[in-house]
Amino acid sequence: MKAEGKVFKYGDNVDTDVIIPARYLNTPDMKELAKHCMEDIDSSFAAAVKEGDIMVAGKNFGCGSSREHAPASIKAAGVSCVIASTFARIFYRNALNIGLPILECPEAAAAIEAGDTVSVDFETGVIVDLATGAKFRAEPFPPFMQDLIAAGGLGAYMSRRAAE
Amino acid sequence: MAMTMTQKILAAHAGKREVHAGELVMAKLDLVLGNDITTPVAIGEFPKFGRESVFDKEKIALVPDHFAPNKDIKAATQCATMRCFAKAQGIKNYFEVGHDCGVEHALLPEKGLVTAGDCIIGADSHTCTYGAVGAFSTGVGSTDMACGMATGETWFRVPSAIKVTVNGKFRPNVSGKDLILHLIGLIGVDGARYQSLEFAGEGIAELTMDDRFTIANMAIEAGAKNGIFPVDARTLDYLKAHGAKEPVVYAADEDAKYEREVVIDLCELEPTVAFPHLPENTKKIGEIGEIKIDQVVIGSCTNGRIGDMRIAAAIMKGKKVHPDVRCIVIPATQRVWLESMREGLLEIFAEAGCVVSTPTCGPCLGGYMGILAKGEKCVATTNRNFVGRMGHVESEIYLASPAVAAASAIAGKIAAPEEVK
Ligand code: SF4
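In this text the structure is predicted, and so the values were computed from the model without any measurement.

**Q** Can you break down the overall build of chain A residue by residue, with the values?
**A** Each helix and strand counted, chain A has eight helices and seven strands in total. For chain A, the C-alpha radius of gyration of 15 Å lies close to 15 Å, the compact-globule estimate for 164 residues. Counting only C-alpha atoms, chain A reaches 50 × 40 × 25 Å along its principal axes. Counting only residues that meet the buried cut, chain A has 63% of its 164 residues in that class. The long-range fraction of contacts in chain A, counting pairs at least 24 apart against all pairs at least 6 apart in sequence, stands at 64%. Here chain A carries 16 positive and 22 negative side-chain charges, and the mean point of each set is 3 Å from the other.

Set out below in structure tokens:
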């Protein structure tokens, strides 16, 4: 699986309250929530983002609440992959559980600029900044995660496990 | 192999003699929690797990607290979705507004639903609160919650740990909130990312259960997976008094491995305030200077318990809230509200010029009951001061203890409790 898209770049400690403010959480409709994704730190994001675009950020991305609405609204906005130096724990878990590809790569997070076009190969973890030609390698997922992703998320994984 | 307290609980629930940091395990769950925001999403995911009914009707707790009493039609729809699911599935621990309600993390311990040695997940990041009674509990997302409800188990990566050794005794007007803010200031909002915060040391005996709940509650604000306290006589008394099920007591091995150790001397702590927009931006009360405020919120799963109400009322008694300040007091549960009423605390608040709300999360997450306008400043006993958390993106939240919040309400600016004597 591969992704290629234009980069939206953010800093450290992007929290779930700015990814999707709680004032909109009175609906579980992720398409609706996507319209407000990132609006408290980047009011132009929702209008500008295109299917397949890539988000790049600093450390501790997704800190704060456990709202799955955060990775789900990023995914519903069309983002194909989030690359960060590090992710907060619950966000990491939620992203995998709902099938939003995320990669931890401090070097890529530091070097890639907003507006660059970047390609990502999820199997190898190779990230290429097409604007500069720079290549980075992210940590591959542990085997358990690969199984979970291959199964199509936690639901499918657990029911397959029960059947075994 | 030596294990931390968290590792021992996870090993027991995974059916293993030992586990090591970094290992992935499937663990059995003693309780699965959800609220009115996260449960509707989990209900949507539930069918994907291929089960008709929940794994155990007694081991699921559903709490309408974030936007309840329903703040608008959409919130009402979410609460109704959860209520219908609870009825259809025969879930025993559904807590209706006005009957037995309250903010989830204040409510569950009060109801005796959490006990020492439990393995608990909740679709709410502050589920780590129950580490106060010696349980392993951690926040997860809605898909995880659906998994827990359907199968009674879920996966964990076994965390390594930071040991927080607590010595000495608090000085007057210093409490658990100051300790945890100090710790977050020290290690940062990602200082304990993917790790446990395991508390130890003779100073723990000095901490009330309310202090421990407040401290464990904010472990997530240091990025931790969980925060956990050793079980002592005070824990056992609390569990007994609240009718909790039989505790199973685990203790860290003497030679357990920790990533690092942080030592905190209680007598060196001062009232501490976290400045916008991160809980790690802490300052001691003496270093603050003059910051005028528009609002004070006393409540939430962090500091909305009866002990917090007592501390705030003692400071406000016979005084008036500053004319430029709106002070909103929110007892965290129906029981805290009732006790506050019986003890005359609500009267003290009302006469001082506070408004007293029904139990709800309300303004803590910018829902309702005290939203901030552009440029407004609020001192809150809550746990997060992120951009826009309580309203406008250009509003500011200062996190503090109930004592500092009450004193600030009187003074009209961030103030030490001594300043309003
Ligand atoms: S009081 Fe605040 S932090 Fe606690 S559960 Fe409610 S919204 Fe979350």
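**Q** Pulling in residues and values, what's your account of the packing of helix α2 (residues 38-45) of chain B against helix α5 (residues 142-151) of chain B?
**A** Residue and element names in this part refer to chain B. Where α2 contacts α5, the two axes come as close as 8 Å, and the packing angle between them is 60 degrees. Here α2 is positioned oblique relative to α5, judged by the angle of their axes. As α2 packs across α5, the resulting crossing turns out to be right-handed. Touching T38, T39, V41, A42 and E45 of α2 are S142, T143, M145, A146 and M149, all from α5. A per-class count over the contact of α2 with α5 returns five nonpolar, four polar and one charged.

**Q** Any chance you could break down the nonpolar core for me, citing the residues and the numbers?
**A** Among the nonpolar cores identified, the biggest contains 157 residues, and F45, F61, I74 and F91 of chain A together with L108 and L197 of chain B are the most heavily contacted of them. Counting 39 residues, the second-largest nonpolar core is a separate cluster that includes A312, I348, A406 and I410 of chain B.

**Q** So what about the site of the ligand? Which residues, and what values?
**A** Residues and elements named next belong to chain B. By nearness alone, 13 residues border the ligand, and H126, C301, C361, C364 and N383 come closest of all. At the level of secondary structure, the elements contributing two or more residues to the shell around the ligand comprise α4 (104-110) and α9 (300-303). In terms of residue class, the shell around the ligand is built from five nonpolar, five polar and three charged.

**Q** Go over the pairing of strand β1 (residues 2-9) of chain A with me, naming the residues and quoting the values.
**A** All names here are of chain A. In terms of strand pairing, β1 meets strand β5 (residues 117-121) through five bridges, oriented antiparallel. Each residue of the ladder has a partner; that of G5, found in β5, is V118. For β1 and strand β2 (residues 54-57), the ladder comprises three bridges, and the chain directions are parallel. Its bridge partner being in β2, V7 is matched across the sheet by I54.

**Q** Can you break down helix α8 (residues 154-163) of chain A residue by residue, with the values?
**A** Buried within α8 of chain A are the following residues: L154, G155, Y157 and M158 of chain A. All buried residues of α8 of chain A fall inside an arc of 165 degrees around its axis, so they share one side. Summarising the contacts, the buried residues of α8 of chain A are in contact with α5 (89-98) and α7 (143-151) of chain A together with β1 (24-28), α5 and β7 (153-157) of chain B.

**Q** For the interface of chain A and chain B, give the residues involved together with the corresponding values.
**A** At the interface, 43 residues of chain A touch 47 residues of chain B. Between chain A and chain B, a total of about 3,700 Å² is buried, with carbon and sulfur atoms accounting for 58% of that surface. Viewed at the interface, chain B and chain A are joined by five salt bridges. Here D144 of chain B ties to R93 of chain A by a salt bridge, and the two come within 2.7 Å at their closest N and O atoms. Taken together, the connections running from chain A to chain B amount to 19 residue pairs in polar contact (both at pLDDT 80 or more). The leading source of residues in the side of chain A that touches chain B is α8 of chain A, at eight residues.

**Q** For α5 of chain A, give the residues involved together with the corresponding values.
**A** Residue and element names in this part refer to chain A. Most of α5 is tucked away: 10 of the 10 residues are buried. Among the residues of α5, those classed as buried are R89, I90, F91, Y92, R93, N94, A95, L96, N97 and I98. Positive backbone phi, approximately 80 degrees, marks G99, located one or two places after α5.

**Q** Explain the state of the cysteines residue by residue, including any values.
**A** Residues and elements named next belong to chain B. A full pass over the atoms with the stated rule returns zero disulfides over all chains. Lacking any disulfide linkage, C327 is separated from the closest cysteine sulfur, that of C354, by 3.6 Å. Overall, the relative accessible area of 2% leaves C327 in the buried class.

**Q** Describe the pattern of salt bridges, and please don't skip the residues or the numbers.
**A** Within this structure, the stated rule accounts for 28 salt bridges over all chains. In this structure, the salt-bridge partner of R389 of chain B is D17 of chain A, at a minimum N-O distance of 2.9 Å. One end of the pair, R389 of chain B, is in the loop between β17 (377-380) and β18 (396-399); the other, D17 of chain A, is in helix α1 (residues 16-19), on a second chain. Relative accessible area serves as the criterion here: at 2%, D17 of chain A is assigned to the buried category. Note that R335 of chain B is salt-bridged to E339 of chain B, the shortest N-O span being 3.5 Å. On the criterion of helical spacing, the pair formed by R335 of chain B and E339 of chain B is a turn pair, its members being four residues apart in helix α11 (residues 334-342). Under the relative-accessibility criterion, R335 of chain B is labelled partly exposed at 38%.

**Q** Please give an account of the sheet that holds strand β3 (residues 60-63) of chain B that cites residues and values.
**A** Think of a sheet as strands paired side by side through backbone hydrogen bonds, with each pair either parallel or antiparallel. All names here are of chain B. Strands sit in the order β4-β3-β2-β5-β6 across an open sheet of five strands; the sheet is parallel. Both edges of this open sheet fall to β4 (93-94) and β6 (136-139), since each of them pairs with a single strand only. For strand β5 (residues 119-122) and β6, the ladder comprises four bridges, and the chain directions are parallel. Its bridge partner being in β6, C119 is matched across the sheet by F136. On the sheet, α5 packs against β2 (31-35), β3 and β5 and is oriented at approximately 135 degrees with respect to β2.

**Q** Lay out the sheet that holds strand β8 (residues 161-167) of chain B with the relevant residues and their values.
**A** Residue and element names in this part refer to chain B. Pairing is parallel across the open sheet formed by four strands, whose spatial order is β10-β9-β8-β11. Every interior strand has two partners, whereas the edge strands, β10 (226-228) and β11 (260-265), have only one. Each neighbouring strand pair of the sheet contributes to a mean axis angle of 20 degrees, computed without reference to strand direction. Bridge count for β8 against β11 is six bridges, and the pairing is parallel. Along β11, the bridge assignment pairs V166 with I264. Lying on the sheet, helix α6 (residues 176-187) is in contact with β8, β9 (196-200) and β11; it crosses β11 at an angle near 140 degrees.

About the cut-offs
Every chain begins its residue count from 1, and numbering advances along the sequence as written. As a convention, the first chain written is A and the first ligand written is 1, with the rest following in written order. Confidence filtering applies because this is a predicted model: local features only for residues at pLDDT of at least 70, side-chain atom pairs given and counted only at 80 or more, and all residues used for totals across whole chains, interfaces and linings. Side-chain figures throughout are based on the complete set of non-hydrogen atoms in the structure, without hydrogens or water. The secondary structure listing takes helices from DSSP runs of H or I that are at least 4 residues long and strands from runs of E that are at least 2 residues long, numbered from the N terminus. Every radius of gyration here is taken over C-alpha atoms, with the globule rule written as 2.2 Å times N^0.38, N being the number of residues. Using a 1.4 Å probe on the protein chains alone, a residue whose accessible area is under 20% of its type maximum counts as buried, one over 50% counts as exposed, and one in between counts as partly exposed. Residues are treated as being in contact if the distance between any of their heavy atoms lies within 4.5 Å. Here the positive residues are Lys and Arg and the negative ones are Asp and Glu; neither His nor the chain ends is included. Here the site of a charge means NZ on Lys, CZ on Arg, CG on Asp, or CD on Glu. An axis is simply a line fitted to the C-alpha atoms; with a helix, the fit covers only the stretch in contact. Between two such axes, the angle follows the N-to-C directions and lies from 0 to 180 degrees. When describing relative orientation, an angle under 35 degrees is termed roughly parallel and one over 145 degrees roughly antiparallel, while 65 to 115 degrees is termed roughly perpendicular and anything else oblique. Helix crossings fall into two classes, left-handed where the near helix is turned counterclockwise from the far one by less than a right angle and right-handed where it is turned clockwise. We call Asp, Glu, Lys and Arg charged. Ala, Val, Leu, Ile, Met, Phe, Trp, Tyr, Cys and Pro are nonpolar, and the rest, Gly among them, are polar. Take the buried Ala, Val, Leu, Ile, Met, Phe, Trp, Tyr and Cys residues and link them wherever side-chain atoms come within 4.5 Å; each set so joined is a nonpolar core. For this purpose, a residue is taken to be near a molecule or strand whenever a single non-hydrogen atom of the residue falls within 4 Å of it. One requirement defines pairing of two strands: DSSP has to find at least two bridges between them. Directions pointing from the helix axis toward each C-beta atom define the arc. As a working definition, buried area equals the accessible area (1.4 Å probe) given up by two parts on being put together, with both sides summed. Within this document, salt bridges are pairs made up of a side-chain nitrogen of Lys or Arg and a carboxyl oxygen of Asp or Glu, the two lying within 4 Å of each other. N or O atoms within 3.5 Å of each other form a polar contact, as long as, within protein, one can give a hydrogen and the other can take it, and as long as residues adjacent in sequence are counted only when both atoms are side-chain atoms. The disulfide definition used here is simple: a pair of cysteine sulfur atoms within 2.5 Å.

That's the geometry; what it means functionally is another story.
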